[in-house]
Every structure is written in structure tokens, then in C-alpha cells.
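Listed here are the chains, written in short residue letters.
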Amino acid sequence: MEHGSRQISRRRFVALGAGSAALAGFPWARSLLRAPATRLSARPATPGKSIDAGLHQLGIGGDAARDALVYVPASYDAKVAAPLIVGLHGATQAGQLMTTRLQVVADALGAPVLAPDSRGVSWDAIRGDFGVDVEFIDHALAWAFDRVRVDARRVWLAGFSDGASYGLSLGIANGGLFSRVLAFSPGFVIPTERRGKPRFFVSHGRQDPILPIDRCSRIIVPRLRADGYDVRFDEFDGGHRMPPEILAAATKWLTS
């Protein structure tokens, strides 16, 4: 269980999520579910500031323990518009884990990684509804766009576990900003409105004990495809993780 003792168990949460999805016709039954406020307003623009290679704390969280980081690879060239990857961590985790996990992708593609911390133990809509985390991610994006020269066609969203569930939903709602979404071991899709049509990369371990593949990605992927989305789905032998071979496949997919 990733959440604290006052939260329902992960197994129970997945069961409830799967049941709610089936009842509502999955995440896009607008007649039954109110579309939450998920719109991100920040957009790439000519940077007003510069940034050096390395790992930087944004200093915008109001709490040093829950802020945001940006990793700028040495391969980033400030004269050339680069991809930007927004990395969303799992429950009880922090953004630094995503900068570490995605560093190999960032280095290979010259793509900075922006990794915000959730305001609570997990992302807001995992625990209730979209709100404070959307606002914070928007603030972090504005900070990054003011310092990193970003190719507006290559703003990508990546998440792991709860961050993957949240990322799928945020990506569906912000397809005009995120052209691609990478979901590593997601559990479900949160009901939301649709904007644009991003492409999806989903991976999941066949022996995942936290978010079982049969009740998660093997339901999510067909639903996305049925709704007209382009989805690549990579299963692997293993548990709840982001193995090197999956990161290598994701890197290749991002350049396809």
C-alpha cells in the first residue's frame, strides 16, 4: 500500500476504480460524470532567462520539502528548441525520482525533464478532484518555459504508477499541449474532458503486485484505442517498475 493508514488500500482502490469505470462507460461518460478543471494555460514561448545544465530546484512550492525540479541534460542546446518532458511521480514519492528515472531518456534526446512534487501524498484527483496540483504544474511549466527553449510540438508527459494514472487523464484533457503521453504502470483513467489527440505509450509488468495488469493496463489500453487514440502497449516480465528496456523502447518511440 502506497498511501498512509487513513487511505483505503491500493487493492481496494483499484477494485473500486475498475467498478466505477465499468459503470460509467469508462472515463468519457460525460452524461454521468462532471468534467473537472484540468486545463493548463502555460505554453512554450521565447525564454526570457537562461538555465545551465544540471539539476535545479524551482523554489516555487512554498515548502522546501514539496517543490519541483528540472533536470537539464548536457546535450541540451539553448539555441535549438528542445523537447520537454514533464515527469509525474508515484504516490508517497517526489519529483527527484522521476528526474533520476528519466535521465537516460533526457540525455539521449537533449530533453529537459520537469518534475513537480504533488501537493499531498499523491496527486489531487487520485484523492478527490483536480485542483491544486493542476495549478502547481501550470506554475512549474511557466517557470520552465521562461528558461528552456521548448519545441511546442514536443511537450511530453510521463508518469509512473499514480503519476501514470494522473498523467493519462491530464494528457487527455490537455492534448493541445502534450503531443505524447508515457504511462508506466498506470492503474486507471480519471474521468475528464478531452482536448486534442495525444499519442500514448503504456507499459506494464505482467507480475505487477501493486496494480495488476489484468485490472489496469489491459483494460485501459483497449478503451483508449476504442476512443480513437494511437496507443503503443509494451508488456514486460516483472513487477511495478520502469525497467531499462522499457525506457529504451520509450526513447525510440518518442523519436518515431
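Treat the numbers as computed from the prediction; the structure is a model and nothing was measured.

This part takes up the overall build of the protein. When helices and strands are tallied, the protein shows 8 helices and 8 strands. Of all 256 residues assigned to the protein, the portion counted as buried reaches 55%. Within the protein, residue pairs in contact and separated by at least 24 positions form 69% of the contacts whose partners lie at least 6 positions apart. Of the roughly 10700 Å² that the protein leaves accessible, carbon and sulfur atoms contribute 51%.

This paragraph deals with the confidence of the model for the protein. Keep in mind that low pLDDT regions are not for reading the predicted coordinates in detail. Summarising the model, the protein shows a mean pLDDT of 88, and 85% of its residues fall at 70 or more. Confidence drops under pLDDT 50 across residues 1-36; counting only partners more than four residues distant or on other chains, this segment forms 63 contacts.

To continue, consider the environment of arginine 225. Relative to the helices and strands, arginine 225 is located in helix α7 (residues 217-226). Counting along the chain gives 25 residues from arginine 225 to phenylalanine 200, while the straight-line C-alpha distance between them is 9.7 Å. Not counting chain neighbours up to four residues away, the residues in contact with arginine 225 comprise Val231, Arg232 and Phe233. From its side chain, arginine 225 meets the backbone oxygen of valine 231 in a polar contact 3.1 Å long.

Another point: helix α5 (residues 132-145). Across its 14 residues, α5 extends 20 Å between first and last C-alpha, which sits within 8% of the 20 Å expected from 1.5 Å per residue. Within α5 the residues assigned to the buried category are Asp133, Val134, Phe136, Ile137, Asp138, Ala140, Leu141, Trp143, Ala144 and Phe145. The inward-facing, buried residues of α5 abut β2 (68-72), β3 (82-88), β4 (113-116), α4 (124-127), β5 (150-160) and α6 (162-173).

Before going further, it helps to spend a moment on the nonpolar core. Among the nonpolar cores identified, the biggest contains 49 residues, and Leu114, Leu141 and Tyr166 are the most heavily contacted of them. When residues in this core are grouped by element, the largest group, 8 residues, is from α5. When sequence neighbours within four positions are dropped, the list of residues in contact with leucine 114 reads Leu58, Leu69, Val70, Leu84, Ile85, Val86, Gly87, Ala140, Leu141 and Ala144.

Here strand β7 (residues 199-205) runs beside strand β8 (residues 231-236); their pairing, made up of 6 bridges, is parallel. Each residue of the ladder has a partner; that of glycine 205, found in β8, is phenylalanine 236. In this fold, the crossover linking β7 to β8 by way of α7 has right-handed handedness.

About the thresholds
- Residues numbered from 1 in each chain as written.
- Predicted model: local features only at pLDDT ≥ 70, side-chain atom pairs only at ≥ 80, totals over all residues.
- Heavy atoms only, no water.
- Helix = DSSP H or I, 4+ residues; strand = E, 2+ residues; numbered from the N terminus.
- Buried < 20%, exposed > 50% of the residue type's maximum accessible area, 1.4 Å probe, protein only.
- Contact = heavy atoms within 4.5 Å.
- Areas by Shrake-Rupley, 256 points an atom, 1.4 Å probe, with all protein chains shown as cover.
- pLDDT = per-residue confidence, 0-100.
- Polar contact = N/O pair within 3.5 Å; in protein donor to acceptor, adjacent residues only side chain to side chain.
- Expected span 1.5 Å × (residues − 1).
- Core = buried A, V, L, I, M, F, W, Y, C linked by side-chain atoms within 4.5 Å.
- Pairing = 2+ DSSP bridges.
- Right-handed = clockwise from strand over helix to strand, strands pointing away.

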